[in-house]
Amino acid sequence: MEALTDTEKKIYTDSELVYGLQTETNSNVKRILQNEFYRRFKNHVYKNALNACRDYTDGEQLAIDIHQEVFINAFKSIDKFRFPDVVEKDGHQLIIKGWLGIIGNNLFKKLYTKRKVDVIFDSELIENNEPYYDLFENLYGKEDDVEVPNEFREKLQVALNQLNEKQLHIIRVYASEGCIGSHQHLGTTALKELCALYETSPENIRQIKKRALDKIKAICFPPTN
Amino acid sequence: MAQNSKENSLKSQQERIIEKAMRTNGFLFPETVEEVKEFEKIYGTTDITLPDELQDLSFMEKPAKEPVVRLIGETKKRLALAARGGTVKLTDEVKKQMALDRRKADENSRSKDNGTKLK
């Protein structure tokens with residue numbers, strides 16, 4: 001398989017690589033650029049996918065599937081990718097990783113649901129479920145002033161281990177939509193998908209989320225007296 | 001009142017910590033520059049061993065797997081309706097035939113369970 005020479009690798013910065021993928025018309029050259037993009041980001045994506053799937057049944061295979069789909073979807077939608085006007089030093093790479101993360105979280109929802117039950121959702125649901133890969137303003141994110149204590153990760157892992165897979169999945173969907181730490185409600189599409197997957201009502205989904213969150217809090221923030 | 005507001009603020013703070021920890025500690029993919037930085041601080045940027053099928057992009061050339069599907073909700077109802085030629089209600093004749101088919105199927109399965117074969 002053709003690849004970039006060492007000199008070419010040095011010439012292509014991350015932003016030039018993305019630009020090349022967006023503008024190159026020769027399919028052979030485009031393939032070489034895709035290989036280089038893959039070489040640069042495959043470790044980051046797989047590490048993320050393994051971590052994100054570790055608590056789920058057959059998590060390793062789920063991680064492999066998500067990893068592959070992340071790149072397939074990234075190459076399909078790279079034409080829409082735009083860097084912000086001002087990017088800090090080494091920022092291009094971080095922005096691309098964040099973008100791949102958005103794709104990864106969307107794919108997790110999609111592939112996990114598909115594995116659980118092979119379902120055809122209503123057409124309405126599929127149409128509304130187009131991922132938001134082009135919302136690049138999100139990549140710099142809103143600054144959150146909360147500090148996560150160093151030892152918190154272990155506590156959170158213990159807490160998540162107490163949940164059953166349904167609770168874990170529901171909590172994960174709420175977190176990926178930014179609906180745990182804010183008063184924002186879960187999006188209609190995500191809620192409909194959960195209701196269809198678990199064949200239950202929105203109220204019940206909210207109850208499951210609340211119970212799961214209470215369990216997590218009880219372990220992560222035990223009462224002091 | 002003040003006590004309530006203090007409790008709500010604490011609750012909200014705890015929930016924000018949980019969400020941020022999920023985003024930066026590998027429970028979700030980090031999506032923003034800050035989250036990626038945090039993630040890399042914890043997990044580093046060293047390469048890990050990838051499975052054979054992820055070593056290169058050859059997986060992009062494989063045909064997509066055909067999904068096996070289960071129909072649910074409105075889709076199922078709509079397909080059933082289409083199969084009846086758009087008729088909302090089943091006719092008595094169709095209902096009778098369905099009952100007959102079900103009875104036959106039950107008898108068949110009972111005979112098999114008893115070890116006898118239908119001729």
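Because the structure is predicted, anything quoted here is derived from the model rather than measured.

Colleague: Help me understand unusual backbone geometry, please; the structure alone is not making it clear to me.
Modeller: Both trends apply: most residues other than glycine have a negative phi, and most peptide bonds are in trans. Residues and elements named next belong to chain A. The backbone of aspartate 58 sits at a positive phi, close to 55°, despite the residue not being glycine. Mapped onto the fold, aspartate 58 is located in the loop between helix H3 (27–53) and helix H4 (59–77). For glutamate 199, which is not glycine, the phi torsion reads 45° and is therefore positive. Secondary-structure assignment places glutamate 199 in the loop between helix H9 (188–198) and helix H10 (202–220). Glutamate 199 gets classed as exposed once you count the C-beta atoms within 10 Å, which come to 10.

Colleague: What should I look at first to understand H4 of chain A in this one?
Modeller: Residues spaced three or four apart along an α-helix point in a common direction, a consequence of the helix completing one turn every 3.6 residues. All names here are of chain A. With 19 residues, H4 extends 26 Å from end C-alpha to end C-alpha; this agrees with the ideal 27 Å at 1.5 Å per step. Considered for burial, the residues of H4 that qualify are Leu62, Ala63, Asp65, Ile66, His67, Gln68, Glu69, Val70, Phe71 and Ala74. Check the buried side of H4 and you find it contacts H3 and helix H5 (91–116).

Colleague: Before we go on, may I ask you to explain the nonpolar core in this structure?
Modeller: Considering soluble globular proteins, one finds that nonpolar side chains tend to be buried as a cluster. All names here are of chain A. Ile66, Val70, Leu100 and Ile170 are the most contacted members of the largest nonpolar core, which has 56 residues in total. Considering each element in turn, this core owes the most residues, 10 residues, to H5. Residues in contact with isoleucine 66, not counting those within four places in the same chain, are Ala49, Cys53, Gly104, Leu107, Phe108 and Leu111.

Colleague: Would you take a moment to explain the domain arrangement of chain A for this structure?
Modeller: For interface size, the figure often reported is the accessible area lost on association. Residues and elements named next belong to chain A. By domain assignment, chain A separates into domain 1 (1–121) and domain 2 (142–225). Put simply, the middle of domain 1 and the middle of domain 2, counted by C-alpha atoms, are 27 Å apart. Counting residues per element, the side of domain 1 that touches domain 2 draws most heavily on H5, which supplies five residues. Across the side of domain 1 that touches domain 2, the residue classes tally to five nonpolar, three polar and three charged.

Colleague: Mind showing me how you'd approach the confidence of the model for chain A here?
Modeller: Predicted coordinates in areas of low pLDDT are best not read in detail. Looking at chain A, the pLDDT average stands at 84 and 83% of residues meet or exceed 70. Across chain A, the element-wise mean pLDDT spans from 42 in helix H6 (residues 123–127) of chain A up to 95 in H4 of chain A.

Colleague: Sorry, what's going on with the packing of helix H8 (residues 165–176) of chain A against H10 of chain A here?
Modeller: Each pair of packed helices can be described by the angle between their axes along with the distance between the axes. Residue and element names in this part refer to chain A. Between H8 and H10, the shortest axis-to-axis distance is 9 Å and the interhelical angle comes to 95°. In terms of their interaxial angle, H8 and H10 are classed as roughly perpendicular. Between H8 and H10, the contacting residues are Lys166, Gln167, Ile170, Ile171 and Tyr174 on the first element and Ile205, Ile208, Lys209, Ala212 and Leu213 on the second. Of the residues in the contact of H8 with H10, the class split is seven nonpolar, one polar and two charged.

Reading guide: rules and limits
Residues numbered from 1 in each chain as written. Chains lettered and ligands numbered in written order. Predicted model: local features only at pLDDT ≥ 70, side-chain atom pairs only at ≥ 80, totals over all residues. Helix = DSSP H or I, 4+ residues; strand = E, 2+ residues; numbered from the N terminus. Buried ≥ 20, exposed ≤ 12 C-beta atoms within 10 Å, placed from the backbone. Expected span 1.5 Å × (residues − 1). Contact = placed C-beta atoms within 7 Å. Core = buried A, V, L, I, M, F, W, Y, C linked by C-beta atoms within 7 Å. Domains from an automatic or database assignment. Nonpolar A, V, L, I, M, F, W, Y, C, P; charged D, E, K, R; others polar. pLDDT = per-residue confidence, 0-100. Axes fitted to C-alpha atoms, helices over the stretch in contact; angles between N-to-C directions. Parallel < 35°, antiparallel > 145°, perpendicular 65-115°, else oblique.

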